[in-house]
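Letter by letter, the chains look like this.
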Amino acid sequence: MRLLIPTTDTNGAGALMSGHFGRAPYYAVADTDTGTVVVVANPSVSHGHGECVPASGVFGDGGFDAVVCQGIGRGAIARLAQAGVPVYVHDGPDVASAIDAFRSRTLHVAGTDDGCSRSGSCGEAGHDHGHERN
């Protein structure tokens, strides 16, 4: 299973998770079978709210099987669901903790009610747009 995890840095499994999926400076792709973690820059890091198409130009089809993030917009959740990609919510600090939580099956599957609204309020995710958690 390949997990796409938004990060604030390029430190592999030790990379800190970004507070928001679309505005993450980087994405880690963690392969839960092999243990490899590859981090790439987000080419869509600067975008308007609701215009998020992160990772599409980097990974194309089949680049990841699921998303693990701290916060994500409702539209992104819906688009990923339509593509058959589940989104999991994880409050942990880094990629390694996200992988561990995924493997232990303790992650919450995000529905559109878990996503950020257009008003910028992200409810349970606990972040504001443009202000990444570190």
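Scroll up to find the structure this text is about.
The text that follows walks through the structure, step by step, so that each part is easy to find.

Conventions and cut-offs
Counting from 1, residues in each chain are numbered in the order their sequence is written. With the structure being a predicted model, the display of local features is reserved for residues of pLDDT at least 70 and the display and counting of side-chain atom pairs for 80 or more, all residues being used for whole-chain, interface and lining totals. Where side-chain values are given, they derive from all heavy atoms of the structure, hydrogens and water being excluded. A pair of aromatic rings is counted whenever rings of Phe, Tyr or Trp (Trp by its six-membered ring) have centres within 6.5 Å, and the orientation is called stacked for planes under 30 degrees apart, edge-to-face for over 60 and tilted otherwise. To sort residues, take the accessible area from a 1.4 Å probe on protein chains only and compare it with the maximum for the residue type: under 20% means buried, over 50% means exposed, and anything in between is partly exposed. The numbering of helices and of strands both runs from the N terminus, where a helix is a DSSP run of H or I of at least 4 residues and a strand a run of E of at least 2. Pairing between two strands is assigned when DSSP locates at least 2 bridges connecting them. Residue contacts are counted whenever heavy atoms from the two residues lie within 4.5 Å of one another. Only the stretch in contact is used when fitting a helix axis, every axis being a line fitted to C-alpha atoms; angles between N-to-C directions are given from 0 to 180 degrees. Along the arc lie the directions from the helix axis toward the C-beta atoms.

For the structure shown, the criterion picks out 2 aromatic pairs. Their ring planes at 50 degrees and their centres at 5.5 Å tell us that Phe 21 and Tyr 27 sit as a pair that is tilted. On the accessibility criterion, Phe 21 (3% relative accessible area) is buried. Assessed through its relative accessible area of 0%, Tyr 27 is described here as buried. With 5.6 Å between their ring centres and 80 degrees between their planes, Tyr 88 and Phe 102 make a pair best called edge-to-face. Pair noted here: Tyr 88 is in strand β5 (residues 87-89) and Phe 102 is in helix α3 (residues 95-103), with a separation of 14 residues, a long-range link. When sorted by exposure, Tyr 88 lands in the same class as Phe 102, which is buried.

In this structure, Arg 105 is a non-glycine residue whose phi angle is positive, near 60 degrees. Here Arg 105 lies in the loop between α3 and β6 (108-109). Residue Arg 105 is classed as exposed on the basis of its relative accessible area of 76%.

All right, on to the sheet that holds strand β3 (residues 37-41) then. Taken together, the 6 strands give an open sheet; going across it, the order is β3-β2-β1-β4-β5-β6, and neighbouring strands pair in mixed fashion. Because the sheet does not close on itself, it has two edges, and the strands there are β3 and β6. In this sheet, β6 lies alongside β5 in antiparallel orientation, the contact comprising 2 bridges. Residue pairing for β6: Tyr 88 is matched across the bridge by Val 109. Relative to the sheet, α3 contacts β1 (2-7), β2 (26-31), β3, β4 (66-69) and β5, its axis offset from that of β1 by approximately 145 degrees.

Taken residue by residue, helix α2 (residues 74-82) has Ala 76, Ile 77 and Leu 80 as its buried positions. With its buried residues spanning 100 degrees around the axis, α2 presents them on a single face. Exposed residues pointing more than 90 degrees away from the buried face of α2 are listed as Ala 81 and Gln 82. Packing partners of the buried residues in α2 comprise β4 and β5. Positive phi shows up at Gly 84, right after α2, with a value of about 80 degrees.

Okay, the pairing of β1 next. With 5 of 6 residues buried, β1 lies mostly within the body of the structure. Alignment of β1 against β2, held across 6 bridges, turns out to be antiparallel. Following the sheet pairing, Thr 7 is matched in β2 by Tyr 26. Across 2 bridges, the pairing between β1 and β4 is parallel.

Listing the buried residues of α3 in full gives Val 95, Ser 97, Ala 98, Ile 99, Ala 101 and Phe 102. Those residues of α3 that are buried are in contact with β1, β2, β3, β4 and β5. Once α3 ends, the next one or two residues include Arg 105, with phi positive near 60 degrees.

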